[in-house]
Amino acid sequence: MNEYFVRNREVLASKLGDEVVMLDVDSGFYFGLNEVATDIWFFLEQKKSFDELIQMLIVKYDVGRELCEKETRELLHQLIEKKLIYKI
Amino acid sequence: MKVSSEFFFPELCPINFTEQPELLIRFGNIPVIPKELISFSNDFYDIGQNDFRITVEGVATFYAKNGNEIIIAPEDSCDYDDVRIFCLSNAFAAILQQQKKIPLHCAAIMKNERLVLFFGNSGAGKSSTLGSLILKGYTVFSDDVCVPDNILTDEMKLYSSYPMLKFWRNTLENLGMEKMTKRRIRPGIEKFGIYFHEKFITEPKIPYLTIILEESTDIIIPDIQKIEGILAFQKLEEHAYRNEYLLHSGLSKEHFNSITKLASQTKLYVIRRPKDRNSIQEIVNLIEKLIDSE
């Protein structure tokens, strides 16, 4: 698949322990990310393809590809909806 | 902050200085703020990036400008104690905000040159806790406001606001402090100020421990819980700031940075106390144990 993702640079983020809290400067809303979402967030500092993302997650979490792809799609969808990342 | 004022503020610390004051307070007519500079307005106040006006009925109108000037237009037959207290709590807050310094709504004591901060809603026990700790010999730093140093260093430092503790009469009586020299803050209100000018710490200090005080109907004895990460951020965000008009001046980024700095720099604990029962001694014991162990 040739989809690429990158994070939104207008979002201000701060790492607090294993979690990340972020502020969308335009809306003034705060968000918290859990461990997996945090990993994705840091990984997407540079644009990455869906496959590269899955590869990283499979290795880190020792999980099957099919499950990983399904759950990652859902998570990416939420992150895009909240304008924290973009699909390019 | 070095302040030059036409109007005497016994709450502030008198000092001699020869450089230009950072803030000038004077009496005068209140200028009209041009509409295009106002970002939010209601019956009581107008706020712009560098202009802030608030009218307190029966007291005065205050105008804070450019982070360096406060103009006061007192109303006829106002009480000057009222004028000062509203100036300190509203106009000063606006001035700090215009200077891009965001006051945190917390009390603080100092231990080994570092700060323990106390956040909590009114009624959660901040004053009683602070009073008890001071009576036990802890060093007072601030009554209810600390201001971050806005120099971008690795560790955030906080300045105290001014050397006056504020207590309701019941709190003073519960603490056994009612005989201390005190001054009624505003006419008609049972709240008193106790000065600590000779102990006032004017240098900024580094906070290392944050305690959030909450009331709860779910418990019968006070408890304590360490919090981290997003929960710590959320709790701080709930309690850190007081004046809702801060939200209207577009300072979200600075608030965010301030809270995240505090959440990563200090260890955070929530202490809950049972509502409707005086458990101040138990809370102070929990706090002393915590301070000794951190």
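Residues numbered from 1 in each chain as written. Chains lettered and ligands numbered in written order. Predicted model: local features only at pLDDT ≥ 70, side-chain atom pairs only at ≥ 80, totals over all residues. Heavy atoms only, no water.

Participant: Sorry, what's going on with the sheet that holds strand β15 (residues 191–195) of chain B here?
Facilitator: Two strands in a sheet stick together by hydrogen bonds in their backbones, pointing the same way (parallel) or opposite ways (antiparallel). Residue and element names in this part refer to chain B. Strand order in this open sheet of three strands is β13-β15-β14, and the pairing throughout is antiparallel. Each having just a single partner strand, β13 (164–168) and β14 (183–184) make up the two edges of the open sheet. Relative to β15, β13 is paired through five bridges, and the arrangement is antiparallel. Each bridged residue has a counterpart across the sheet, and for W168 the counterpart in β15 is K191. (Pairing = 2+ DSSP bridges. Helix = DSSP H or I, 4+ residues; strand = E, 2+ residues; numbered from the N terminus.)

Participant: Help me understand the packing of aromatic side chains in this model?
Facilitator: Geometry of an aromatic ring pair is reported as the spacing of the ring centres plus the angle between the planes. The full count for this structure, using the stated rule, is seven aromatic pairs over all chains. Ring centres of F40(B) and Y45(B) lie 6.1 Å apart, and the angle between their planes is 40°; this geometry places the pair in the tilted category. For F40(B), a relative accessible area of 25% translates into the label partly exposed. By relative accessible area, Y45(B) is classed as buried at 8%. Taken together, the ring pairs connect Y30(A), F233(B) and F256(B) into an aromatic cluster. The positively charged end of K48(A) is found above the aromatic ring belonging to F43(A), 4.7 Å away from the centroid. Here K182(B) stacks its cationic end above the ring of F192(B), 5.3 Å away from the centre of that ring. (Phe/Tyr/Trp six-rings, centres within 6.5 Å; stacked < 30°, edge-to-face > 60°. Buried < 20%, exposed > 50% of the residue type's maximum accessible area, 1.4 Å probe, protein only. Lys NZ or Arg CZ within 6 Å of the ring centre and 35° of its normal.)

Participant: Would you take a moment to explain the confidence of the model for chain B for this structure?
Facilitator: Regions with low pLDDT carry predicted coordinates that are not meant to be interpreted in detail. Taken residue by residue, chain B gives an average pLDDT of 87. The fraction at 70 or more is 96%. Here the predicted complex carries an ipTM of 0.77, next to a pTM of 0.82. (pLDDT = per-residue confidence, 0-100.)

Participant: When you look at the environment of G131(B) in this model, what are you seeing that I'm missing?
Facilitator: Residue placement: G131(B) occurs in helix α2 (residues 126–135). Residues in contact with G131(B), not counting those within four places in the same chain, are F167(B) and L175(B). (Contact = heavy atoms within 4.5 Å.)

Participant: I'm lost on the packing of helix α1 (residues 35–43) of chain A against helix α2 (residues 50–61) of chain A in this one. Help?
Facilitator: Each pair of packed helices can be described by the angle between their axes along with the distance between the axes. All names here are of chain A. For the pair α1 and α2, the least separation of the axes is 11 Å and the interaxial angle reads 135°. One way to sum up the angle between α1 and α2 is to call them oblique. Considering how the two elements wind past one another, α1 and α2 form a crossing that is right-handed. Across the interface between the two elements, E35, V36, D39, I40 and F43 of α1 pack against E52, L53, M56, L57, K60 and Y61 of α2. Counted by class, the contact of α1 with α2 contains seven nonpolar, no polar and four charged residues. (Axes fitted to C-alpha atoms, helices over the stretch in contact; angles between N-to-C directions. Parallel < 35°, antiparallel > 145°, perpendicular 65-115°, else oblique. Left-handed = near helix turned anticlockwise from the far one by under 90°. Nonpolar A, V, L, I, M, F, W, Y, C, P; charged D, E, K, R; others polar.)

Participant: I'm lost on the nonpolar core in this one. Help?
Facilitator: What tends to happen in soluble globular proteins is that the nonpolar side chains get buried as a cluster. Residues and elements named next belong to chain B. I109, V116, F118, I211, I287 and I291 are the most contacted members of the largest nonpolar core, which totals 31 residues. With seven residues, helix α6 (residues 280–293) is the largest single contributor of residues to this core. Apart from residues lying up to four places away in sequence, I287 is in contact with F118, T129, L133, I211 and I271. (Core = buried A, V, L, I, M, F, W, Y, C linked by side-chain atoms within 4.5 Å.)

Participant: I tried to follow the side chain of S279(B) on my own but got confused; where do I start?
Facilitator: Following the sequence through the fold, S279(B) ends up in the loop between β18 (267–274) and α6. Not counting residues up to four positions away in its chain, the partners in contact with S279(B) are P222(B), R273(B) and P274(B).

Participant: Before we go on, may I ask you to explain the environment of F52(B) in this structure?
Facilitator: Residues and elements named next belong to chain B. Looking at where F52 falls in the secondary structure, it is placed in strand β5 (residues 51–56). Its relative accessible area of 3% is what places F52 among the buried residues. When the C-alpha positions of F52 and Q98 are compared, they lie 9.0 Å apart, and in sequence the two are 46 residues distant.

Participant: Where do I start with the confidence of the model for chain A in this structure?
Facilitator: Scored by pLDDT, chain A has a mean of 88; 99% of the residues are at 70 or more. Mean pLDDT across the elements of chain A bottoms out in strand β4 (residues 30–33) of chain A (86) and peaks in strand β5 (residues 48–49) of chain A (94).

Participant: What should I look at first to understand helix α1 (residues 80–98) of chain B in this one?
Facilitator: Think of an α-helix as 3.6 residues a turn; residues three or four steps apart then line up on the same face. Residue and element names in this part refer to chain B. Across its 19 residues, α1 extends 25 Å between first and last C-alpha, which sits within 8% of the 27 Å expected from 1.5 Å per residue. Along α1, the sharpest change in direction is near 40° and occurs at C87. Burial within α1 is extensive, with 17 of its 19 residues counted as buried. With a side-chain oxygen lying 2.7 Å from the backbone nitrogen of D81, the N-terminal cap of α1 falls on D79. Of the residues one or two after α1, K100 is the one with positive phi, at around 65°. (Expected span 1.5 Å × (residues − 1). Bend = angle between axes of the 7 residues up to and from the residue. Polar contact = N/O pair within 3.5 Å; in protein donor to acceptor, adjacent residues only side chain to side chain.)

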